Amino acid sequence: MDYKETAKNIIENIGGEDNVSYLYHCATRLRFNLKDSSKANTDAVKKIPGVMGAVEKGGQYQVIVGSDVGSVFREINNQYDLNTEGGSGNDSQETQEDKSFLNTLIDTLTGIFTPILPAITASGMMKAVLSLLVVFKWVDNQSLNYQIINFMADSAFYFLPFLLAVSAANKFKTNQYLALMIAGIYQHPNFVAMVQQANESGGSINLFGLPIGTVGYSSTVIPIILSILLLSYVEPIADRVSHKSVKFFTKPLISITVVGILSLVIIGPIGHYISDLISNAIVSIENIAPWLVPTIIGAIFPLLVSTGTHYGIIPIGINNRLTNGYDTFVYPANLASNISQGVAAMAVGLKTKNTEVKSLAFSSGLTAVLGITEPVLFGINLRFKTPLYAAMVGGGVGGLFMGIFGVRNFSGGSPGLLTLPSYIGEDTLRHFYLAIAGAAIAAAVTFIVTMIIYKDEEAAEEIQEVTENIDEDTTTETNAAVATASVEIVSPMNGHLRQLSDVPDEVFSQGILGQGVAIIPTDDTVYAPFNGTVTALFDSKHAIGLTSDDGVELLIHVGIDTVQMNGEGFAYAVERDQKITVGQPLLTFNIEKIKDHGYSIITPVVVTNSNDLNDILTVSSKQITVGEDIIKIIN
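Our subject in this report is the structure included herewith. Quantities reported herein were computed from a predicted structural model and do not represent experimental measurements. (Residues numbered from 1 in each chain as written. Predicted model: local features only at pLDDT ≥ 70, side-chain atom pairs only at ≥ 80, totals over all residues. Heavy atoms only, no water.)

### Comments concerning the overall build of the chain
- Helix and strand counts for the chain stand at 23 helices and 20 strands.
- Residues classed as buried in the chain amount to 52% of the 635 residues present.
- Within the chain, residue pairs in contact and separated by at least 24 positions form 73% of the contacts whose partners lie at least 6 positions apart.
- Total accessible area on the chain is roughly 27000 Å²; 57% of this is exposed by carbon and sulfur atoms. (Helix = DSSP H or I, 4+ residues; strand = E, 2+ residues; numbered from the N terminus. Buried < 20%, exposed > 50% of the residue type's maximum accessible area, 1.4 Å probe, protein only. Contact = heavy atoms within 4.5 Å. Areas by Shrake-Rupley, 256 points an atom, 1.4 Å probe, with all protein chains shown as cover.)

### What to know about the sheet that holds strand β10 (residues 525-527)
- Strand order in this open sheet of three strands is β10-β16-β14, and the pairing throughout is antiparallel. The two strands at the open ends of the sheet, each matched to only one other strand, are β10 and β14 (570-572). For this sheet, the mean angle separating the axes of adjacent strands, direction not counted, is 15°.
- Judged from the three bridges that link them, β14 and strand β16 (residues 585-589) form a sheet pairing that is antiparallel. Paired with F570 across the bridge in β16 is F589. (Pairing = 2+ DSSP bridges. Axes fitted to C-alpha atoms, helices over the stretch in contact; angles between N-to-C directions.)

### So, the nonpolar core
- Ranked by internal contacts, the top residues of the largest apolar core, which has 84 residues, are L30, F32, I76 and I489.
- In terms of nonpolar packing, the next biggest core, distinct from the first, is built from 66 residues, L178, V195, I228 and L377 among them. (Core = buried A, V, L, I, M, F, W, Y, C linked by side-chain atoms within 4.5 Å.)

### Concerning the side chain of Q341
- Assignment of secondary structure puts Q341 in helix α15 (residues 330-351).
- Ignoring sequence-local partners within four residues, the contact set of Q341 consists of P302, A368, T373, V376, L377, N381 and A391.

### Comments concerning the packing of aromatic side chains
- Across all of its chains, the model carries nine aromatic pairs by this definition.
- Of the aromatic side chains, those joined through ring pairs into one cluster are Y158, F159 and F162.
- Geometry around Y326 places R408 over its ring, the cationic atom sitting 3.9 Å from the centre. (Phe/Tyr/Trp six-rings, centres within 6.5 Å; stacked < 30°, edge-to-face > 60°. Lys NZ or Arg CZ within 6 Å of the ring centre and 35° of its normal.)

### Some points on the pattern of salt bridges
- Here the structure, examined in full by the defined rule, presents eight salt bridges.
- Between D239 and K251 there is a salt bridge, with the nearest N and O atoms lying 3.6 Å from each other. In this pair, D239 is assigned in helix α11 (residues 222-241) and K251 in helix α12 (residues 247-288), connecting sequence segments twelve residues apart.
- By relative accessible area, which is 24% here, D239 ends up partly exposed.
- K632 is the partner of D629 in a salt bridge, and the nearest nitrogen-oxygen pair spans 3.7 Å.
- For D629, a relative accessible area of 27% translates into the label partly exposed.
- Within the structure, one salt-bridge network assembled from shared partners comprises E235, D239, K247 and K251. (Salt bridge = Lys/Arg side-chain N within 4 Å of Asp/Glu carboxyl O.)

### A closer look at the pairing of strand β11 (residues 532-536)
- Burial analysis of β11 places four of its five residues in the buried class, which makes it a mostly covered element.
- Inspection of the sheet shows β11 paired to strand β12 (residues 543-548) by four bridges, in the antiparallel sense. In the strand pairing of β12, V534 is matched with L546.
- Counting the residues in the hairpin turn of β11 and β12 gives six residues, including K541, whose phi is positive at 60°.
- In this structure, β11 lies alongside strand β15 (residues 579-580), joined through two bridges in antiparallel fashion. Bridge assignment links G532 to a residue of β15, and that residue is I580.

### Observations concerning helix α7 (residues 144-158)
- For α7, with 15 residues, the first-to-last C-alpha span of 20 Å sits near the 21 Å given by 1.5 Å per residue.
- The inward-facing, buried residues of α7 contact α6 (117-135), α8 (160-172) and α14 (314-324). (Expected span 1.5 Å × (residues − 1).)

### So, unusual backbone geometry
- Positioned with a positive phi, K385 is a non-glycine residue whose angle comes to about 70°.
- Assignment of secondary structure puts K385 in the loop between α17 (374-384) and α18 (386-404).

### Quick look at the sheet that holds β12
- Ordered by their spatial adjacency, eight strands build an open sheet running β15-β11-β12-β13-β17-β9-β8-β19, and the pairing between neighbours is antiparallel. Here the strands that pair on one side only, and so sit at the sheet edges, are β15 and β19 (622-624).

### Focus: the pairing of strand β4 (residues 60-64)
- With five of five residues buried, β4 lies mostly within the body of the structure.
- Of the two faces of β4, the one carrying Q60, Q62 and I64 and the one carrying Y61 and V63 are both buried.
- Bridging between strand β2 (residues 29-34) and β4 involves four bridges; their strand directions are antiparallel. Paired with L30 across the strands is V63, a residue of β4.

### Notes on α8
- Taking 1.5 Å of rise per residue, 13 residues should cover 18 Å, and α8 covers 18 Å from first to last C-alpha, within 8% of that figure.
- Where α8 is concerned, the buried positions are L160, P161, L164, A165, S167, A168, A169 and F172.
- Trailing α8 by a residue or two, K173 shows a phi angle of about 60°, which is positive.

### Quick word on the packing of α8 against α11
- Taken N-terminus to C-terminus, the directions of α8 and α11 make an angle of 35°; their axes are 9 Å apart at the nearest point. Handedness of the crossing formed by α8 with α11: right-handed. The residues of α11 that touch α8, namely those facing P161, L164, A165, A168, A169 and F172, are I224, I225, I228, L229 and S232.
- The residue inventory of the contact of α8 with α11, partitioned by class, reads ten nonpolar, one polar and no charged. (Left-handed = near helix turned anticlockwise from the far one by under 90°. Nonpolar A, V, L, I, M, F, W, Y, C, P; charged D, E, K, R; others polar.)

Set out below in structure tokens:
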């Protein structure tokens, strides 16, 4: 491949250098943020030598290059002056304005709220357990023990603006420490005392004649996000107007002064008003038809998760809890939905005669009822369709029950059996018992519907082999082909072997990158599938490129869209250009972290130079262990 020519042709056909506001790459793709995606000539891009395909997905324009993506990326940097470092600037904001509002909103909320969920979950569960101890009179709510654990549990909620400041700064590409300073302005003890005194006396607070809103900002969501968004605009302006000799001092001074004052005078009060508006609207809906929203969410939540749009409503549940002290819409309905998805898969497991489907159904179903649904959604429910329909029915009925009885969630967490204590609050077990009842109703309805409408022939059709069996007991023709096989690729991990078409990403499922298989891993290590060389490593550490001694180029891509994790939970055990032997550890990853970030763990194993090889045979779906044959290439 002529990297220089490929880079030039790509930029020319996506609208030119001026149409690109941001660029980075993952293991196989160049990911562009375009100011105007209509300027991109996708048909022309697909015809560029070295380009395997192009798609617009998740608000990004993605050009699939394969294992040479790093070289093309470097050549683009050499030829053009693009924003490839993720720096702040108005260009990135202009891109957001040109995208659809829904894509922009979901992408923004995902980037801001996902990183802080562990802290929110920890605080929520501590408060739930503490409430349980008080209800059963194991701890006195006036005791010192209670007070200490309570303020520990409250910390993430009280200082939520600080957590959001960091994640919002990362998302909006602005300085984290200035963002934290803005959060400090909102929550400085002197300001808190001023607000309290003004509210008690009926007075006001003014700065140079400008009125400052007398509201508190602890445990708030919207004000700090809006302030950091403003900072992302002001900081580059401060950079431009500051002389380079004094920029180190004047840039942060201008940024904090402008954003700090505007936050106290305008942004903060507006954000607080929006929060109250959302809360009041939800209270109004509760008064008119409390069953409506939980029913809808309970029914359609699997579809939201499958498209990533569920991140658009999770913050509403968080805002409800922080504003009203509880949430009756998002989390109770989500509980019914998650339980339903898990039970639907378990019903499939009971009914199917296929051992591989049975194993996957029970394991992923258990994970779902505990709160993580991606494995069961993509592995069973979306795959066979009828269990998805049953889960939607059960989730809707369960959500209806939750809404009618006004079930309240007090502390969040990943909705499932493990977080049922989050329904304990107000010194009563009423909502805890109702949540259990709602989950049980959702489970029962889902189980009955699944057993009625799921037919085991669906599994038989799904697991039908896509090639002749490559084991020794296959036909004479296949035996002859296998006998001439020049390369055998063994499984790089333990797990459930799937067809590449099962991967929820068309770049892999449509074979754009090449032929291969996919594995749903059951442990956390990737091993060498042949003797060869490490040819590609990535900053995000989520994938690895290998070349066998026979010239087969292989990409192992752990999870889908895990490049967004920026290396969190991943670690390489080898270096680029290192020689490897079959069975050697290459890469470790944290399955739970991937799931916590909301990404699928299914791992494509793709022969990226498939077009240069002859017949490629793959093993059908089965339970697989490290060292078992999964791909054979015929000379």
